Amino acid sequence: METLLGKTLAELQEVALAVGLQKFAGKQLAEWLYVRRVRSFEEMTNISLKGREALKANYTVGRHAPVREAVSQDGTRKYLFEVSNLQSPISNHQSCFIETVYIPEDDRATLCVSTQAGCKMGCRFCMTGTLGFHGHLTAGEILNQVFEIDQMAAENGLSTLSNLVLMGEGEPMDNIDEVLRALDVLTAPYGCAWSPKRITVSTVGVPAMKRFIEESECHLAVSMHNPFPAERAEIMPAEKIFSITEVVKLLKNYDWAHQRRVSFEYICWAGQNDTPRHAKELIRLLRGLPCRINLIRFHEGVEEVATTNKESRHFPASNEKQMEWLRDYLTANGITTTIRRSRGEDILAACGMLVNSLEHLA
């Protein structure tokens, strides 16, 4: 049955008319779904009983709680959601699963949201890529992660969400229609009315990012990891489709000098991308583009990751001293660079570690 969560105001107005309600009921539906965030039609008390029965006969609200939770020693929480419209690769399950990560920081909290079940990009250093690709999430399934975790945080005395990063499972630009629909609901006055500056969407760099830049005002994060196309292609197959040089060339056509930001994610590997040669190429490549680089520690638990052709490659993590040198060198040469703090590694919740591991817990 079709869900209402994820529909735009115009679509909700069409739903209202389809079930015999007046067009203005579409705005009422939007308020119940996105402002009051109800879980059932019974809670929509300003809609007639007949209207609610008609809605219930044809639609579902689309809210469902996570089925598992894991808590890290650093306070990070990872949640497992069931996605019933996708077939699980696990034979004894009728559904797929996705993971979502809640990251608290003082009185703030960031949610790392998935946009696909698994991922088809095949980055050789990413555990999520070993899942393969099992389907696109709908806008409703993307929003459900946000609404459920935000409500759970409030009910449990935790910080409610202050920021969203679409950096969980999947490549957001590969599911661009549903991602843009979810972002519209999150930022529109009829929806959650979030500032787009509170939301960052990641990409390895695919052509659909042009649509994202032009149809959304949210921040952009590009997974770079190596400034040399030939070296990047060895670890990121997407490089062969849309080169990092093409990505940067496209980005330079847009304004990133004011409130909207573009950043580059850069996992550091000893001797493979943390050398003076790589630092100089980063400066050359990004010259003239207002941006920042986030250096990311590689996690010991994913030092070797199988690729789609069953080969494997060793990725030795850079040490702290070398990462600090790279940060300071890039910053001194005009590129603001930070070292991102790793969170939730002990529950496989850190960058590149989402593999639906909770699926197998009792």
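Check the entry above for the structure.
Residues numbered from 1 in each chain as written. Predicted model: local features only at pLDDT ≥ 70, side-chain atom pairs only at ≥ 80, totals over all residues. Heavy atoms only, no water.

### A few points about the overall build of the protein chain
Move 1: When you go through the protein chain residue by residue, the secondary structure sums to ten helices and 16 strands.
Move 2: In the protein chain, the proportion of contacts linking residues at least 24 apart, taken out of those at least 6 apart, comes to 68%.
Move 3: Accessible area for the protein chain stands at about 16000 Å²; split by element, carbon and sulfur atoms hold 49% of it. (Helix = DSSP H or I, 4+ residues; strand = E, 2+ residues; numbered from the N terminus. Contact = heavy atoms within 4.5 Å. Areas by Shrake-Rupley, 256 points an atom, 1.4 Å probe, with all protein chains shown as cover.)

### Examining the pattern of salt bridges
Move 1: On inspection of all chains with the given rule, the structure shows 21 salt bridges.
Move 2: Here Lys-120 ties to Asp-174 by a salt bridge, and the two come within 3.3 Å at their closest N and O atoms. Of this pair, Lys-120 sits in the loop between strand 7 (116–118) and strand 8 (133–136) while Asp-174 is found in the loop between strand 9 (163–166) and helix 5 (176–187), placing the two residues 54 residues apart along the sequence.
Move 3: Under the relative-accessibility criterion, Lys-120 is labelled partly exposed at 43%.
Move 4: Asp-174 gets classed as partly exposed once you look at its relative accessible area, which sits at 26%.
Move 5: Notably, a salt bridge pairs Glu-231 with Arg-277, separated by 2.8 Å at the nearest N-O pair. Of this pair, Glu-231 sits in helix 7 (residues 229–235) while Arg-277 sits in helix 9 (residues 276–286), placing them 46 residues apart in sequence.
Move 6: The partly exposed category is assigned to Glu-231, whose relative accessible area is 21%.
Move 7: In this structure Arg-277 comes out as partly exposed when scored by relative accessible area, which is 44%.
Move 8: Connected through salt bridges with shared partners, the residues Glu-11, Glu-178 and Arg-181 form a single ionic network. (Salt bridge = Lys/Arg side-chain N within 4 Å of Asp/Glu carboxyl O. Buried < 20%, exposed > 50% of the residue type's maximum accessible area, 1.4 Å probe, protein only.)

### A few points about the pairing of strand 3 (residues 68–71)
Move 1: Here strand 3 runs beside strand 4 (residues 77–83); their pairing, made up of four bridges, is antiparallel. In the sheet register, Arg-68 faces strand 4, and the bridge partner there is Leu-80.
Move 2: In textbook terms, the turn of a hairpin is the stretch between consecutive antiparallel strands, and for strand 3 and strand 4 this stretch comprises five residues, one of which, Gly-75, has a positive phi near 95°. (Pairing = 2+ DSSP bridges.)

### Let's talk about the nonpolar core
Generally speaking, soluble globular proteins have nonpolar side chains that are buried together.
Move 1: The biggest cluster of nonpolar side chains holds 103 residues, and the ones touching the most others in it are Tyr-34 and Leu-251.
Move 2: The residues contacting Tyr-34, other than those within four sequence positions of it, are Leu-4, Leu-5, Gly-6, Lys-7, Leu-12, Leu-143, Phe-147, Val-185, Tyr-190, Gly-191 and Cys-192. (Core = buried A, V, L, I, M, F, W, Y, C linked by side-chain atoms within 4.5 Å.)

### Observations regarding the layout of surface pockets
The gaps of empty space that remain are located by a probe, the size of a water molecule, rolled over the atoms.
Move 1: Of the pockets and cavities examined, the second largest pocket occupies roughly 380 Å³.
Move 2: Taken together, 23 residues make up the lining of the second largest pocket; nearest its centre are Thr-3, Thr-60, Gly-62, Thr-138 and Glu-141.
Move 3: Elements represented by at least two residues in the lining of the second largest pocket include exactly strand 1 (2–3), strand 4, helix 4 (139–155) and helix 5.
Move 4: The leading source of residues in the lining of the second largest pocket is helix 4, at three residues.
Move 5: Of the residues contributing to the lining of the second largest pocket, the split by class is five nonpolar, nine polar and nine charged. (1 Å grid on protein atoms, 1.4 Å probe; cavity = no way out; pocket = protein on both sides within 12 Å on 5 of 7 lines; lining within 4 Å. Points joined across faces, edges and corners; volume = space filled by probe spheres on them. Nonpolar A, V, L, I, M, F, W, Y, C, P; charged D, E, K, R; others polar.)

### Overview of the sheet that holds strand 16 (residues 336–340)
Move 1: The mixed open sheet is built from ten strands, whose spatial order is 3-4-5-6-9-10-11-12-13-16. The sheet terminates laterally at strand 3 and strand 16, the two strands that pair on one side only. With strand direction ignored, the average angle separating the axes of adjacent strands in the sheet is 20°.
Move 2: In this sheet, strand 11 (residues 219–223) lies alongside strand 10 (residues 199–203) in parallel orientation, the contact comprising four bridges. In the sheet register, Val-201 faces strand 11, and the bridge partner there is Leu-220.
Move 3: Against the sheet, helix 4 engages strand 4, strand 5 (96–105), strand 6 (108–112) and strand 9, with an angle of about 135° to strand 4.
Move 4: Contacting strand 9 and strand 10, helix 5 crosses the sheet at an angle of about 170° to strand 10. (Axes fitted to C-alpha atoms, helices over the stretch in contact; angles between N-to-C directions.)

### Looking at the environment of Thr-130
Move 1: Counting through the fold element by element, Thr-130 comes out in the loop between strand 7 and strand 8.
Move 2: Taking the C-alpha atoms as reference points, Thr-130 and Gly-118, separated by twelve residues in sequence, lie 8.1 Å from one another.

### Structural notes on the packing of helix 9 against helix 10 (residues 320–332)
Move 1: Where helix 9 contacts helix 10, the two axes come as close as 10 Å, and the packing angle between them is 30°. If you check the angle between helix 9 and helix 10, you find them roughly parallel. Both helix 9 and helix 10 take part in a crossing whose hand is right-handed. Contact residues: Pro-276, Ala-279, Lys-280, Leu-282 and Ile-283 in helix 9; Trp-325, Leu-326, Tyr-329 and Leu-330 in helix 10.
Move 2: Residues that form the contact of helix 9 with helix 10 fall into these classes: eight nonpolar, no polar and one charged. (Parallel < 35°, antiparallel > 145°, perpendicular 65-115°, else oblique. Left-handed = near helix turned anticlockwise from the far one by under 90°.)

### Regarding helix 8 (residues 244–251)
Move 1: Looking at helix 8, one finds that the buried residues are Ile-244, Val-247, Val-248, Leu-250 and Leu-251. For helix 8, the angular spread of the buried residues around the axis is 160°, confining them to a single face.
Move 2: On its buried face, helix 8 is in contact with helix 6 (209–215), strand 11, helix 7, strand 12 (262–268) and helix 9. (Arc of directions from axis to C-beta.)

### Side note on unusual backbone geometry
Move 1: Positive phi outside glycine occurs at Arg-37, with the angle close to 55°.
Move 2: Mapped onto the secondary structure, Arg-37 falls in the loop between helix 2 (25–35) and helix 3 (49–58).
Move 3: Judged by its relative accessible area of 17%, Arg-37 is buried.

### Structural notes on helix 2
Move 1: The buried fraction of helix 2 amounts to eight of the eleven residues, a majority that puts the element mostly inside the structure.
Move 2: Lining the buried residues of helix 2 we find helix 1 (9–18), helix 3, helix 4 and helix 5.
Move 3: Arg-37 occupies a position one or two residues after helix 2 and carries a positive phi of about 55°.

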